[in-house]
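Here is how the chains run, residue by residue.
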There are 2 protein chains.
Amino acid sequence: MDTITTDADGDFTVARATREDVPDIVDLLRDDEIGAGREGVDLAPYLAAFDEVDVDPQQLLAIVRGEGGAAAGTLQLTFVPGLSRGGAKRLIVEGVRVQSSTRGSGLGAALMEWAQEQGRSRGATLVQLTSDKRRADAHRFYERLGYVATHEGFKLDL
Amino acid sequence: MDTITTDADGDFTVARATREDVPDIVDLLRDDEIGAGREGVDLAPYLAAFDEVDVDPQQLLAIVRGEGGAAAGTLQLTFVPGLSRGGAKRLIVEGVRVQSSTRGSGLGAALMEWAQEQGRSRGATLVQLTSDKRRADAHRFYERLGYVATHEGFKLDL
């Protein structure tokens, strides 16, 4: 468990999520204008997905909590070895959410810095993420942190 | 090993890459206007990266060969379980290359269809990839296959 200090009142802790954290993580995924219409009410598929994430050594699902224990954020890290770019290991970041009442406190930036440190500590030389083109605020946020939107992010339902 | 039939002369086979395929895969990564300046000559880091890919059950590095055995294409598949989108499993595609002399034969489309079938067979409901914004031809290719550039692809060197 790591401590994240921000401009908000009190410190936050970021920890590897456990099965008991799943309901709070689903609430965070739903606390979002795009995610709201995409997430379900039944927890069973989320718990099944959690079990797959949890046994995979290349996945790190994290949850952030405030001092009182309230859920404040989440993200999922995936470490991907690969041959391209000179055999570079990539850190892929997905499912970044910061609880709406906490936005603007610097928690998001501190959480991304924590994620990048996880990447560096495991030998990743590149971090990448995709963000829905409708999320203009998120794009400004990532650009402030130094991210560059060099790529188009394509998706296809299977 | 699967057979891919295209409009080009003869069939192609797509197979899980072995260590012996690494030099050909690196040549394919280098046979590219953007990749050319990014890939090295020393094979050692690529072999080390291959070993990490090969032991990871969520990775599938593939190589395509023509009937005479010549390397014709490569891509890397990563299967990522996750909580968002109702606990959806994603297939991430990286490092797609088709040998320049074979482009336009339908091999790329057949290879992507093969990749999508790998995803479906392992329960993925979404396939995603990022493509450098300078690759206008590649974007038209993915759009023809039904991919939609809904996301910005951000990257940051660590």
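The present account deals with the structure reproduced in this document. (Residues numbered from 1 in each chain as written. Chains lettered and ligands numbered in written order. Predicted model: local features only at pLDDT ≥ 70, side-chain atom pairs only at ≥ 80, totals over all residues. Heavy atoms only, no water.)

### Side note on the overall build of chain A
Part 1: Looking only at helices and strands, chain A features 5 helices and 7 strands.
Part 2: By principal-axis analysis of the C-alpha atoms, chain A measures approximately 45 × 35 × 30 Å.
Part 3: With 158 residues in all, chain A has 54% of them scored as buried.
Part 4: Looking at chain A alone, contacts between residues at least 24 apart form 57% of all its contacts between residues at least 6 apart.
Part 5: About 6900 Å² of surface is accessible on chain A, with carbon and sulfur atoms providing 49% of the total.
Part 6: Here chain A contributes 18 positive and 26 negative side-chain charges, whose respective centroids are spaced 7 Å apart. (Helix = DSSP H or I, 4+ residues; strand = E, 2+ residues; numbered from the N terminus. Buried < 20%, exposed > 50% of the residue type's maximum accessible area, 1.4 Å probe, protein only. Contact = heavy atoms within 4.5 Å. Areas by Shrake-Rupley, 256 points an atom, 1.4 Å probe, with all protein chains shown as cover. Lys, Arg positive; Asp, Glu negative; His and termini not counted. Charge placed at Lys NZ, Arg CZ, Asp CG, Glu CD.)

### Remarks on the pattern of salt bridges
Part 1: Taken as a whole and judged by the stated rule, the model has 28 salt bridges over all chains.
Part 2: Notably, a salt bridge pairs D51 of chain B with R19 of chain B, separated by 2.9 Å at the nearest N-O pair. Residue D51 of chain B is located in helix 2 (residues 44-55), and its partner R19 of chain B is located in the loop between strand 2 (11-16) and helix 1 (22-30); the two are separated by 32 residues in the primary sequence.
Part 3: Look at D51 of chain B and you get partly exposed, because its relative accessible area is 31%.
Part 4: Note that R120 of chain B and E113 of chain B form a salt bridge whose closest N and O atoms lie 2.7 Å from each other.
Part 5: For E113 of chain B, a relative accessible area of 40% gives the class partly exposed.
Part 6: A single salt-bridge network, built from bridges that share partners, covers D21, D24 and R65 of chain A. (Salt bridge = Lys/Arg side-chain N within 4 Å of Asp/Glu carboxyl O.)

### Focus on the packing of aromatic side chains
Part 1: Tallied over the full model, the rule gives 6 aromatic pairs over all chains.
Part 2: Considering the side-chain rings of Y142 of chain A and Y147 of chain A, the 5.7 Å spacing of their centres and the 70° angle between planes classify their relative orientation as edge-to-face. For the pair Y142 of chain A and Y147 of chain A, one class covers both residues: buried.
Part 3: Between the aromatic rings of F154 of chain A and Y142 of chain B, the centroid separation amounts to 5.6 Å while the plane-to-plane angle is 45°, which identifies the pairing as tilted. One end of the pair, F154 of chain A, is in strand 7 (residues 148-157); the other, Y142 of chain B, is in helix 5 (residues 136-144), on a second chain. (Phe/Tyr/Trp six-rings, centres within 6.5 Å; stacked < 30°, edge-to-face > 60°.)

### Quick notes on the pairing of strand 5 (residues 90-98) of chain B
Within a regular strand, the side chains alternate between the two sheet faces.
All names here are of chain B.
Part 1: Counting buried positions over the 9 residues of strand 5 gives 9, a clear majority of the element.
Part 2: In terms of strand pairing, strand 4 (residues 71-80) meets strand 5 through 7 bridges, oriented antiparallel. Note on strand 5: the bridge partner recorded for V80 is R90.
Part 3: Of the strand pairs in this sheet, strand 5 and strand 6 (residues 126-132) are connected by 3 bridges, and their pairing is parallel. Paired with R90 across the two strands is L126, which belongs to strand 6.
Part 4: Regarding the hand of the β-α-β motif, the stretch spanning strand 5, helix 4 (residues 107-121) and strand 6 is right-handed. (Pairing = 2+ DSSP bridges. Right-handed = clockwise from strand over helix to strand, strands pointing away.)

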